[in-house]
Amino acid sequence: MKTHNDLRELLNRIDHKGYPAYKDTRGSYQFDTYMLSIDHVQGDPFASPSKVSVHVSGKTAGFPTDLFQEKHKRIALQDFLLRKFSKEAESFTFKAKGSGKSGLMSVSRCGQEILERTACEIQQNGTVIIRMEIGFPANGRTINSRELIKILFEFLPGCIKKSLLYAALDHQAVKKTVDLAQDQQFIREQLPKLGLAAFVANGSILPRESGVSDRPMKQAVPFHSPKSMEVSLLLPNYGTITGMGIKQGITLVVGGGYHGKSTLLKALELGVYNHISGDGREYVITDDTAMKIRAEDGRSIKQVDISMFINNLPNKKDTIHFCTEDASGSTSQAANVVEAMEAGTKVMLIDEDTSATNFMIRDELMQRVVNRNCEPITPFIDRVQEISQQYHISTILVAGSSGSYFHKADCIIQMDHYLPKDITEFAKKESDAFPIPNEPAPLASAPSLDRMVKPDYGFKKNDRIKLKTQGKDSVLINRDIIDLRYVEQLSDTEQLVSLGYLVKYAQLHMFDGKKTISETVKELCRLLDKKGLAGVCEGSYVPGGLAMVRKQEIFACLNRYRSLKL
Ligand code: ADP
Ligand code: MG
């Protein structure tokens, strides 16, 4: 293998040459404690920066195997190392002078959630890999390799030594991180055994600092469970932890405006992920198949069987294979429920703030005036028990303005000055005085979920497939925008990058007219399980900048992909 000396010589040789001469640097170079790999060299100073990875052997990195052998611990440790590395890299205030992205060095930015990312990988043998981007410096289009030498030979080695070698790290901090992951995993595994849909520990801080900051709110009222809902768990590291156990079934969250209902629900939505220490939601753990369900006017729907909610449309449209390019509030929410069922969710999370009222309820007076036969919508309230009992899917529903769900709920929580109270008994007694006016809706047949996806030959022929993402809003594939703004449990822009790769992979290799969407997603998940995100990046190297997604979000993305050929 070439060594760092070879790289230094090469860089000295190409100084002041035209930018394309940088291309020769592609390859791997042995440094004293790691291997540096220049995976891809940008074509010009203004193009997206060059891709560089650092590989530290297991022996050199020196992490004890029990810190990374189990998946959840490995992901937490990777996250820890990446944050550490990123912090070191940030302290690098040096910005190479020059054109375009000269000297720009970047690694993934981690938020409050702990996600598996291609930016940091610990392999089975303990090898630690960091994948980053570096803008190779130039003046105009003339190579300035002295600046790159500074980055690669002075700055980078320091970052690596301080952040990727076990010996240089605070062992206590590493242990704390991995211990937390183990405790979080423990709670997650306990949930189904205890018949719980979610757990919120006492003392948790649920609200965030502001609409644009995910950090915990200062001086927030800490969460505290009502006595009747208290559950205690003996965690492997933390010891005994107590909090509110939300049982499987139908849970209603009520309370006055501004008393913290949506904040609780939001925390539950993100409880499908683990959070970093200090976040306040470390021990808010939700069944990790949970899905937020909301109205989503304008989304496209492709052959979804929404007949359990919508029938006999005045325009005679088929609601068993319902299609639209521009859904209404109620049809979009109906599709979101049925698609969530297809995606294997066990918990639906619904907030009245973001729901279509006519999908959720029909009040008594309206039922009297407009006969059921003239109303195409069977509202969610008429199906919520059926969904719970027949499909074993729980619902946690925030509803502050309508008492209709009191009859249906198994558990009723009132948020009162940011603290939950169990008012089930009281609310049930009160609602007995308001009997349900009409007969129950007839049971619906199970939605048919057999959508096959045809191959797209045009897509396969195109050898320059464009992938682009816009923050957490959308994925652009060639000319198609997949709008993911309302897929609210996507927590990181890098997850959208992964979704782009996944859709592209499915288009190229999986859609064949015989596999259903469900089978396609299953196969993609198997691939992710076996090879990680690297499994769907087909180039000659694995790019940094991808973060893991759940099966549920892969479904959500395919379901919103307008060019899918069914
Ligand atoms: P609701 O949905 O009941 O109307 P929200 O959940 O939107 O209420 O909360 C209203 C406001 O109160 C938000 O600005 C939120 O940040 C704040 N808030 C929520 N929970 C707490 C808490 N535990 N302590 C302090 N402020 C909170
Ligand atoms: Mg609200």
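Use the structure listed above.
What you are looking at is a predicted structure, and each value in this text was computed from that prediction instead of being measured. (Residues numbered from 1 in each chain as written. Chains lettered and ligands numbered in written order. Predicted model: local features only at pLDDT ≥ 70, side-chain atom pairs only at ≥ 80, totals over all residues. Heavy atoms only, no water.)

Novice: Would you mind going over the pairing of strand 2 (residues 27-30) with me for this structure?
Specialist: Every regular strand shows the same layout, with side chains that alternate between the two sheet faces. A one-sided burial pattern is seen for strand 2, the buried positions being Gly-27 and Tyr-29 and the unburied ones Ser-28 and Gln-30. Examined bridge by bridge, strand 1 (residues 2-3) and strand 2 share 2 bridges and lie parallel to one another. Paired with Lys-2 across the two strands is Tyr-29, which belongs to strand 2. Handedness of the β-α-β unit built from strand 1, helix 1 (residues 4-14) and strand 2 comes out right-handed. As paired strands, strand 2 and strand 3 (residues 35-40) are joined by 4 bridges and run antiparallel to one another. Within strand 3, the residue paired with Gly-27 across the bridge is Ile-38. (Buried < 20%, exposed > 50% of the residue type's maximum accessible area, 1.4 Å probe, protein only. Helix = DSSP H or I, 4+ residues; strand = E, 2+ residues; numbered from the N terminus. Pairing = 2+ DSSP bridges. Right-handed = clockwise from strand over helix to strand, strands pointing away.)

Novice: Looking at this model, I keep getting lost on the pattern of salt bridges. Mind explaining?
Specialist: Overall, the coordinates contain 34 salt bridges when judged by the stated rule. Across the salt bridge formed by Arg-281 and Glu-113, the nearest N and O atoms sit 3.8 Å from each other. Linking Arg-281 in the loop between strand 17 (274-275) and strand 18 (284-286) with Glu-113 in strand 6 (residues 113-114), this pair joins segments that are 168 residues apart in sequence. Assigned by exposure class, Arg-281 and Glu-113 land together as buried. The residue Glu-230 makes a salt bridge to Lys-227 at a minimum N-O spacing of 3.3 Å. Its relative accessible area of 28% is what places Glu-230 among the partly exposed residues. On the basis of relative accessibility, which here comes to 69%, the residue Lys-227 falls in the exposed class. (Salt bridge = Lys/Arg side-chain N within 4 Å of Asp/Glu carboxyl O.)

Novice: Can you walk me through the sheet that holds strand 19 (residues 291-293) in this structure?
Specialist: Within the open sheet, the 6 strands sit side by side as 19-22-23-16-24-25. Their pairing is mixed. The open sheet is flanked by strand 19 and strand 25 (419-422), the only strands paired with a single partner. Sheet twist, expressed as the mean angle between neighbouring strand axes with direction ignored, is 25 degrees. Across 5 bridges, strand 22 (residues 347-351) lies against strand 23 (residues 394-398) in parallel orientation. Within the sheet, the bridge partner assigned to Ile-350 lies in strand 23 and is Leu-397. (Axes fitted to C-alpha atoms, helices over the stretch in contact; angles between N-to-C directions.)

Novice: Please clarify how the nonpolar core should be interpreted in this entry.
Specialist: As a rule of thumb, soluble globular proteins bury nonpolar side chains together. Judged by nonpolar contacts, the single largest core of 78 residues is most densely connected at Phe-309, Val-337, Phe-380, Tyr-405, Leu-484 and Ile-554. Discounting residues that sit within four places of it in the chain, Phe-309 has contacts with Ala-334, Val-337, Val-338, Phe-359, Pro-376, Ile-377, Thr-378, Phe-380, Arg-383 and Ile-387. Core analysis: the second largest hydrophobic core is formed by 54 residues, Ile-14, Phe-31, Phe-136 and Ala-138 among them. (Core = buried A, V, L, I, M, F, W, Y, C linked by side-chain atoms within 4.5 Å. Contact = heavy atoms within 4.5 Å.)

Novice: For this particular structure, what's the right way to read the coordination of the magnesium ion (ligand 2)?
Specialist: Geometry reference: four tetrahedral donors at a metal, ideal angle 109.5 degrees. Six octahedral donors, ideal angles 90 or 180 degrees. Looking at the magnesium ion (ligand 2), the protein donor atoms are Ser-262 (OG) and Asp-353 (OD), and they sit 2.1 to 2.3 Å from it. Placement of the pair is Ser-262 in helix 6 (residues 261-270) and Asp-353 in the loop between strand 22 and helix 8 (357-360), with a sequence separation of 91 residues. Since its relative accessible area comes to 29%, Ser-262 is described here as partly exposed. (Donors = N, O, S within 2.8 Å, 3.2 Å for Na, K, Ca; no water.)

Novice: Would you mind going over the environment of Asn-274 with me for this structure?
Specialist: Locating Asn-274 in the fold gives a position in strand 17. Residues Asn-274 and Arg-188, spaced 86 residues apart in sequence, show a C-alpha to C-alpha distance of 9.7 Å. With residues near it in sequence (within four places) discarded, Asn-274 still touches Gln-112, Glu-113, Ile-114, Gln-184, Arg-188 and Ile-285. Of note is the side chain of Asn-274, whose polar atom sits 3.3 Å from the side chain of Gln-184. (Polar contact = N/O pair within 3.5 Å; in protein donor to acceptor, adjacent residues only side chain to side chain.)

None of the figures reported here should be taken as evidence of function without further support.
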